[in-house]
Amino acid sequence: MENIELLLQGFLNLFTNPMALIFGVFSIFLGVILGVLPGLTATMGVAILLPFTFGMDSIIALLMLSGVFFGGIYGGSITAILLNIPGTPAAAATAADGYALTQKGKAGLALGFATISSVVGGIISVIILTFMSPILANFALKFSAPENFALAIFGLSIIVGISGKSILKGLIAGVLGLLVATIGLDPMTGYPRFTFGNNELMTVPFIPVMIGLFAGAEVFKSISESNQVQRNHIQIPKVVPKIKEIRQHTPLMTKSGLIGAFIGSIPGAGADIAAFVSYNEAKRFSKFKEYFGLGRIEGVISAEAGSNGCTGGAMLPMLSLGIPGDAVTAVMLGALTLQGLQPGPLLFKEHSELLFTLFAGMFICYIALLIIGLSSLRYLVKLLSMPKAYLTPIILTLCLVGTFAINNSIFDIGVMLVAGVIGYLIRLRDFPVSPIVLAMIMGPMAESNFRRALALYNGSVEFLYTRPITFTLLMIAILTLILPLVNRLYQHIKKLNN
Amino acid sequence: MSSKKYDYLSLFIYIFFLLIGIGAAIYTKTFPQFNLSNDIGNESFPLIFSISLSILCLLGLLSEIFKKNQQNNITLSTKQLLKTFVAILLNVITVFLIDFIGFYLSSFIFSISIMLLLGIRNIYILVLFNIGLIGFIYFLFQELLNVPLPIGLIFER
């Protein structure tokens, strides 16, 4: 009850401070642009904006950073759906079904639902942040190295689900991603692995690889096609789905938003993990699981609601415990310090009015995202429908500059190029690239947490079966891995018998 | 006597990744051994992944060799492959040029080259479109996002 009163007071504070709302809405717009451009991520947007917020009013500063965060996560889905080029890692899960829908002439449906799902997922996460912070924060504290390892294994088990037609090719792609992710400094000993004396390889160049695999490969594929000077006719008769369709998918949006919020609340797990896990859960319980990856709208809805559901969830441990939920909130911790606010349990007691004004602002930011998203889609589609002879150099040039902007490194551009060529060649033979990206995200999380857990238990692996959350997640992961294989084998035997 | 046709691209992909797996597995043997009782060492995970990759690629290779019917794979004409190869080459040249003539000039040349490759011949469109593109990148990255892009060794002098 007290929280509701504080929230209402927060809305009142915002309406008496219109500058906060204006900046918040502007930052949503900026976030969407950053999310759309390959190479630029929500994390980068927040990091670049951070120094500008020094000296600003606390509410305006925090709302701007949140707006860029929300817009950035959503923006990545637009090019993922229209061009199969995810603007952010989280949008890689949206690309599979989103682009397939565009190819079937349903780009409008995909974009409309992506926007609505992002908003619903985001609002759910802000509701949880507002009303359930202490409860979820306490649960998130139960997650230690063994639980994070099990969560990473669970995330990796999704590879089978996103492998498409060939599980073997999906597994090859996934294991390749795991191997590439070991390049760099060993998480425990700091030994440089597979760097060959090259300082640039001390950290895994994840974003350049992702840009290369998706954007580079897609562009090389389109270069080999004919009709480069003709306009692409992406038809979107409407972007707002029917109320009946929205109502039909509301349970899925809600479930995915809750999954995203939960995963976001776990320190170290971000929107990319939330997107893939939500996608997999939607597929697991769908009657049409074999059509996922071929243009099921549920794939887009679950991935988008999950990734945006992560936004509020990631702020939860940051605000209530001073522990960042993901990379973006790690940067936002700096913003809180700049504003003279100490994150932790006392923040809610000493600055409750400010916090609830922020939460109220977040609700309004998501409503603004809905309006901005739906109203600008037609213009974005017109822009992206230009002939490939114009679009291709734009994308390639943006990939070059976006990749360079990450670390100011030309080496990264080379990595992007190599990944682009490999991605292009393997896609010609139906090797999926999403498992590579997923494995590069989950692999380091799995290894570092396994070895950390091993150190905590003095070399014993009993943590795998003595900790209930760890054991449960591992069992679900094993089932997720085995069941599709058993199902395929059963279908194969049935075919042979017939 | 009919000879079986192999899909050489698939075979190349499997062999390429198999060699990466084997190479990585051998290379992990050069990692120093710390022999800690509470850690599996820095070579364990890379070794597991590289062996797994090798086994999976071997399975893929065998399935490709002994496949009865070839799938309807995407086949590209020589012209299409040449176009893609030229685009990749242009990318590589651009990466090398950035250090010398800077990002803006090398991207300008690169973008014009790609548009020529894709069939745009109107000189006004080529120049004006790319001036606009580079201008937009300058404004967005240099002015708005404060990301300095290299101007090249030649211009730095």
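Heads up: these notes are all about the structure in this document. (Residues numbered from 1 in each chain as written. Chains lettered and ligands numbered in written order. Predicted model: local features only at pLDDT ≥ 70, side-chain atom pairs only at ≥ 80, totals over all residues. Heavy atoms only, no water.)

1. Looking at the overall build of chain A
Consideration 1: Summing up its helical and strand segments, chain A has 20 helices and 2 strands in all.
Consideration 2: Along the longest, intermediate and shortest principal axes, the C-alpha atoms of chain A span 65 × 60 × 55 Å.
Consideration 3: A burial count over chain A gives 63% of its 498 residues as buried.
Consideration 4: Looking at chain A alone, contacts between residues at least 24 apart form 79% of all its contacts between residues at least 6 apart.
Consideration 5: Carbon and sulfur atoms make up 67% of the accessible area of chain A, which totals about 18400 Å².
Consideration 6: Charge-centre separation for chain A: the mean point of 30 positive side chains lies 14 Å from the mean point of 22 negative side chains. (Helix = DSSP H or I, 4+ residues; strand = E, 2+ residues; numbered from the N terminus. Buried < 20%, exposed > 50% of the residue type's maximum accessible area, 1.4 Å probe, protein only. Contact = heavy atoms within 4.5 Å. Areas by Shrake-Rupley, 256 points an atom, 1.4 Å probe, with all protein chains shown as cover. Lys, Arg positive; Asp, Glu negative; His and termini not counted. Charge placed at Lys NZ, Arg CZ, Asp CG, Glu CD.)

2. Thoughts on the overall build of chain B
Consideration 1: Helix and strand counts for chain B stand at 6 helices and 0 strands.
Consideration 2: The order of α-helices and β-strands along chain B, N terminus first, is α-α-α-α-α-α.
Consideration 3: For chain B, the residues scored as buried account for 41% of the 157 residues in total.
Consideration 4: Counting only contacts in chain B whose residues sit at least 6 apart along the sequence, the fraction spanning at least 24 positions is 62%.
Consideration 5: Of the roughly 9400 Å² that chain B leaves accessible, carbon and sulfur atoms contribute 71%.

3. Examining a nonpolar patch on the surface
All names here are of chain A.
Consideration 1: A cluster of nonpolar side chains, Val-461, Tyr-465, Phe-471, Met-475, Ile-478, Leu-481, Ile-482 and Val-486, forms an exposed patch at the surface whose accessible area comes to about 680 Å².
Consideration 2: The leading source of residues in the nonpolar patch is helix α20 (residues 468-497), at 6 residues.
Consideration 3: By secondary structure assignment, the location of Val-461 is in the loop between α18 (434-456) and α19 (463-466). (Patch = residues over 30% accessible without salt bridge, like charges linked within 9 Å, V, L, I, M, F, W, Y side chains within 5 Å. Salt bridge = Lys/Arg side-chain N within 4 Å of Asp/Glu carboxyl O.)

4. Concerning the packing of aromatic side chains
The way to describe two aromatic rings as a pair is by their centre distance and the angle between their planes.
Consideration 1: Under the criterion given, the structure shown has 23 aromatic pairs over all chains.
Consideration 2: Note on Tyr279(A) and Phe292(A): the rings are 5.6 Å apart at their centroids and 75 degrees apart in plane angle, and the pair reads as edge-to-face. Of this pair, Tyr279(A) sits in helix α11 (residues 271-284) while Phe292(A) sits in the loop between α11 and α12 (297-321); the two residues are 13 residues apart in sequence, bridging distant segments of the chain.
Consideration 3: On the basis of relative accessibility, which here comes to 3%, the residue Tyr279(A) falls in the buried class.
Consideration 4: Residue classification places Phe292(A) among the buried residues on the basis of a relative accessible area of 8%.
Consideration 5: Through pairs of rings, three or more aromatic residues link up here, namely Phe149(A), Phe450(A), Tyr457(A), Phe463(A), Phe45(B) and Phe49(B). (Phe/Tyr/Trp six-rings, centres within 6.5 Å; stacked < 30°, edge-to-face > 60°.)

5. Examining helix α5 (residues 123-144) of chain B
Consideration 1: With 22 residues, α5(B) should cover 32 Å at 1.5 Å per step; its first-to-last C-alpha distance of 30 Å lies within 8% of that length.
Consideration 2: Looking at α5(B), one finds that the buried residues are Leu126(B), Asn130(B), Leu133(B), Ile134(B), Ile137(B), Leu140(B) and Phe141(B).
Consideration 3: Buried residues in α5(B) make contact with α16 (388-407) of chain A together with α4 (103-117) of chain B.
Consideration 4: Its side-chain oxygen at 2.9 Å from the backbone nitrogen of Tyr124(B), Asn122(B) defines the N-terminal cap of α5(B).
Consideration 5: Count one or two residues on from α5(B) and you reach Asn146(B), which has phi positive near 60 degrees. (Expected span 1.5 Å × (residues − 1). Polar contact = N/O pair within 3.5 Å; in protein donor to acceptor, adjacent residues only side chain to side chain.)

6. A short note on the packing of helix α8 (residues 167-180) of chain A against helix α1 (residues 8-27) of chain B
Consideration 1: Relative orientation of the contacting elements α8(A) and α1(B) amounts to 35 degrees, with a least axis distance of 12 Å. Once α8(A) is placed against α1(B), the crossing between them reads as left-handed. For the pair formed by α8(A) and α1(B), the contact residues are Lys169(A), Ile172(A), Leu176(A) and Leu179(A) on the first element and Tyr14(B), Phe17(B), Ile20(B) and Ala24(B) on the second.
Consideration 2: When grouped by side-chain class, the residues that make up the contact of α8(A) with α1(B) number 7 nonpolar, no polar and 1 charged. (Axes fitted to C-alpha atoms, helices over the stretch in contact; angles between N-to-C directions. Left-handed = near helix turned anticlockwise from the far one by under 90°. Nonpolar A, V, L, I, M, F, W, Y, C, P; charged D, E, K, R; others polar.)

7. Remarks on the side chain of Thr311(A)
Consideration 1: Counting through the fold element by element, Thr311(A) comes out in helix α12.
Consideration 2: Apart from the residues within four sequence positions on either side, Thr311(A) is in contact with Phe69(A), Phe70(A), Ile73(A), Gly122(A), Ser125(A) and Tyr366(A).

8. What to know about the interface of chain A and chain B
Consideration 1: Contacts between the two partners involve 60 residues from chain A and, on the opposite side, 69 residues from chain B.
Consideration 2: Here chain A and chain B share an interface that buries about 6000 Å² over both sides, 80% of which is from carbon and sulfur atoms.
Consideration 3: Applying the counting criterion to the chain A and chain B interface returns 2 salt bridges.
Consideration 4: One salt bridge connects Asp39(B) with Arg451(A), and the closest N-O pair in it is separated by 2.9 Å.
Consideration 5: Where chain A packs against chain B, one counts 6 residue pairs in polar contact (both at pLDDT 80 or more).
Consideration 6: Elements represented by at least two residues in the side of chain A that touches chain B include exactly α2 (18-36), α8, α9 (206-223), α16, α17 (410-428) and α18 of chain A.
Consideration 7: Broken down by element, the side of chain A that touches chain B gets its largest block of residues, 14 residues, from α16(A).
Consideration 8: Across the side of chain A that touches chain B, the residue classes tally to 42 nonpolar, 10 polar and 8 charged. (Buried area = accessible area lost by both parts, 1.4 Å probe.)

9. Re the nonpolar core
Consideration 1: Counting residues in each nonpolar core, the largest one holds 208 residues, and the members touching the most others are Phe69(A), Ile78(A), Leu319(A), Phe141(B) and Leu149(B).
Consideration 2: With 17 residues, the top contributor of residues to this core is helix α15 (residues 352-384) of chain A.
Consideration 3: Setting aside residues up to four positions removed in sequence, Phe141(B) forms contacts with Leu40(A), Leu398(A), Val401(A), Gly402(A), Ala405(A), Asn146(B), Val147(B) and Leu149(B). (Core = buried A, V, L, I, M, F, W, Y, C linked by side-chain atoms within 4.5 Å.)

10. Thoughts on unusual backbone geometry
Residue and element names in this part refer to chain A.
Consideration 1: Positive phi, close to 55 degrees, is recorded for Asn-408, a residue that is not glycine.
Consideration 2: Inspection of the secondary structure puts Asn-408 in the loop between α16 and α17.
Consideration 3: Judged by its relative accessible area of 42%, Asn-408 is partly exposed.
Consideration 4: Of note, the phi angle at Asn-458 is positive, near 55 degrees, even though the residue is not glycine.
Consideration 5: Mapping Asn-458 onto the fold places it in the loop between α18 and α19.

11. Let's talk about the side chain of Asn130(B)
Residues and elements named next belong to chain B.
Consideration 1: On the secondary structure map, Asn-130 appears in helix α5.
Consideration 2: By relative accessible area, which is 0% here, Asn-130 ends up buried.
Consideration 3: Beyond its immediate sequence surroundings of up to four residues, Asn-130 is in contact with Phe-108, Ser-111, Ile-112, Met-115 and Ile-125.

12. Points about the pattern of salt bridges
Residues and elements named next belong to chain A.
Consideration 1: Enumeration according to the criterion identifies 11 salt bridges over all chains in this entry.
Consideration 2: Among the salt bridges present, the one from Asp-186 reaches Arg-451, with a minimum N-O distance of 2.5 Å. Within this pair, whereas Asp-186 is found in the loop between β1 (184-185) and β2 (192-193), its partner Arg-451 is found in helix α18, the two being separated by 265 residues in sequence.
Consideration 3: Taking the relative accessible area as the measure of exposure, Asp-186 reaches 2% and is therefore buried.
Consideration 4: Notably, a salt bridge pairs Glu-218 with Arg-427, separated by 2.5 Å at the nearest N-O pair.

13. Things to note about the packing of helix α4 (residues 58-83) of chain A against α12(A)
Residue and element names in this part refer to chain A.
Consideration 1: Remark: α4 packs on α12, axes separated minimally by 10 Å, with the N-to-C direction vectors making an angle of 165 degrees. As the angle between them shows, α4 and α12 are arranged roughly antiparallel. The crossing of α4 and α12 is right-handed. Residue-level contacts link Ser-66, Phe-69, Phe-70, Ile-73, Tyr-74, Ser-77 and Ile-81 of α4 to Val-300, Glu-304, Ser-307, Asn-308, Thr-311 and Met-315 of α12. (Parallel < 35°, antiparallel > 145°, perpendicular 65-115°, else oblique.)

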